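# Summary of structural features
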Amino acid sequence: MTKRLLGSTVTNEIILKCRKECEELKSKGIKPQLAVLRVGENKSDISYETSIIKLMAKADISVKSVVLKEDISQEDFDNNLKVLNDNDKIHGILVFRPLPKQLDEDKIKYLINPNKDIDCFSPINLAKVFISDNSGFYPCTPLGVMEILDHYDIELEGKEVVLIGRSLVVGKPLSMMLLDRNATVTICHSKTKNLKEVCKKADVLIAAVGRGNMVNKDYIKPGAVVIDVGINFVDGKMCGDVDFESAYETAGRITPVPGGVGSVTTSCLMVNLIKACKMVK
Ligand SMILES: Nc1nc(=O)c2c([nH]1)NC[C@@H]1CN(c3ccc(C(=O)N[C@@H](CCC(=O)O)C(=O)O)cc3)C=[N+]21
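Source: prediction; values computed, not measured. (Residues numbered from 1 in each chain as written. Predicted model: local features only at pLDDT ≥ 70, side-chain atom pairs only at ≥ 80, totals over all residues. Heavy atoms only, no water.)

## A word on the overall build of the chain
On a plain count of helices and strands, the chain comes out with ten helices and ten strands. A globule of 281 residues ought to have a C-alpha radius of gyration of about 19 Å, and the chain, at 19 Å, matches this closely. Principal-axis analysis of the C-alpha atoms places the extent of the chain at approximately 50 × 40 × 35 Å. By residue count, 48% of the 281 residues in the chain fall in the buried class. Taking the contacts inside the chain whose residues are at least 6 apart along the sequence as the reference set, 70% of them involve residues at least 24 apart. As displayed, the chain has an accessible area near 13,500 Å², and 51% of this comes from carbon and sulfur atoms. A distance of 1 Å separates the average location of the 39 positive side-chain charges in the chain from that of its 37 negative side-chain charges. (Helix = DSSP H or I, 4+ residues; strand = E, 2+ residues; numbered from the N terminus. Rg over C-alpha atoms; globule rule 2.2 N^0.38 Å. Buried < 20%, exposed > 50% of the residue type's maximum accessible area, 1.4 Å probe, protein only. Contact = heavy atoms within 4.5 Å. Areas by Shrake-Rupley, 256 points an atom, 1.4 Å probe, with all protein chains shown as cover. Lys, Arg positive; Asp, Glu negative; His and termini not counted. Charge placed at Lys NZ, Arg CZ, Asp CG, Glu CD.)

## Regarding the side chain of D117
Relative to the helices and strands, D117 is located in the loop between α4 (105–111) and α5 (123–130). As a buried residue without a salt bridge, D117 has its nearest oppositely charged side chain in R97, at a separation of 6.1 Å. Looking at D117, its side chain comes within polar contact range of the side chain of N125, at 2.9 Å. Residues in contact with D117, not counting those within four places in the same chain, are I93, I112, S122, N125 and F137. (Salt bridge = Lys/Arg side-chain N within 4 Å of Asp/Glu carboxyl O. Polar contact = N/O pair within 3.5 Å; in protein donor to acceptor, adjacent residues only side chain to side chain.)

## Things to note about the environment of Y152
Counting through the fold element by element, Y152 comes out in the loop between α6 (140–151) and β4 (160–164). Residue classification places Y152 among the buried residues on the basis of a relative accessible area of 12%. Taking C-alpha positions, Y152 is 9.7 Å from T9, a pair spaced 143 residues apart along the chain. Beyond its immediate stretch of four places on either side in the chain, Y152 contacts T2, L5, L6, T9, V10 and R253. Only 2.7 Å separates the side chain of Y152 from the backbone oxygen of L6, close enough to count as a polar contact.

## Things to note about the sheet that holds strand β5 (residues 184–188)
Taken together, five strands build an open sheet; the order of strands is β5-β4-β6-β7-β10 and the sheet is parallel. Among the strands making up the open sheet, the edge pair consists of β5 and β10 (253–254). By the bridge criterion, five bridges tie β4 to β5 in an arrangement that is parallel. From the neighbouring strand, V161 faces β5, where its bridge partner is V185. On the sheet, helix α7 (residues 171–179) packs against β4, β5 and β6 (204–207) and is oriented at approximately 170° with respect to β4. (Pairing = 2+ DSSP bridges. Axes fitted to C-alpha atoms, helices over the stretch in contact; angles between N-to-C directions.)

Here it is in structure tokens:
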């Protein structure tokens, strides 16, 4: 049994499957294409974008990269998004988030075409996650976490799963997906009392807070599965929300950063893109 839950093993399996599906689509005259929309030069956005371009190349999927100025106006942003919405050659759109302050994310999320929303930005797709409706798109990071848990045969039914973080991108949708698997789910956040004690009850501990190296061995029940969703940069170096050095001994199994959830997140974007292609009539 591997203690280190590597993303690459999971990713390789996903790529193989997607590549086959891509070929089938192409034989039907559909050429999968993804558009990514980035505002400014945020480090973690660029890191994701680089991973996306590298990965899509492996399945011969083209990526249209649209980069807008950090201070772009709402109107100009909306127009750029509309162009992608209306372009029949684009099957999926990813808008990097969070967006700069002058842009109204709550407006934009209603603007993206739900059938191209492979990142689950639209409230329509998010709502589908909450009503267990599989016809939309699951957000890539939660989907990546589920892919890892499934690939390594980690049992969820009846297990205590503790999530740290309640974001709409990870914590909230992931808790619903875990609930669908009959896990007992606890969601923690900045106002949670006795956080360490709550986390220590977990059979599966999932950290998605966005604070580098916050979770150490004091939060972990010996033998627990630890999933680190964090992508942080501390002193220019990428690290997760979990202090890997401290956690490694105590955890039963643990995902590294880089090389864990992040790498699978990217391949889930490919899974969703193919799903979007299949929606095209
Ligand atoms: N709408 C939206 N959805 C996102 O999912 C989203 C986003 N915006 N904005 C930025 C963050 C960041 N993020 C990453 C995902 C994978 C890697 C990744 O593949 N990391 C590799 C390492 C890559 C490297 O070494 O540079 C790894 O963890 O192994 C990085 C960063 C997704 N995000």
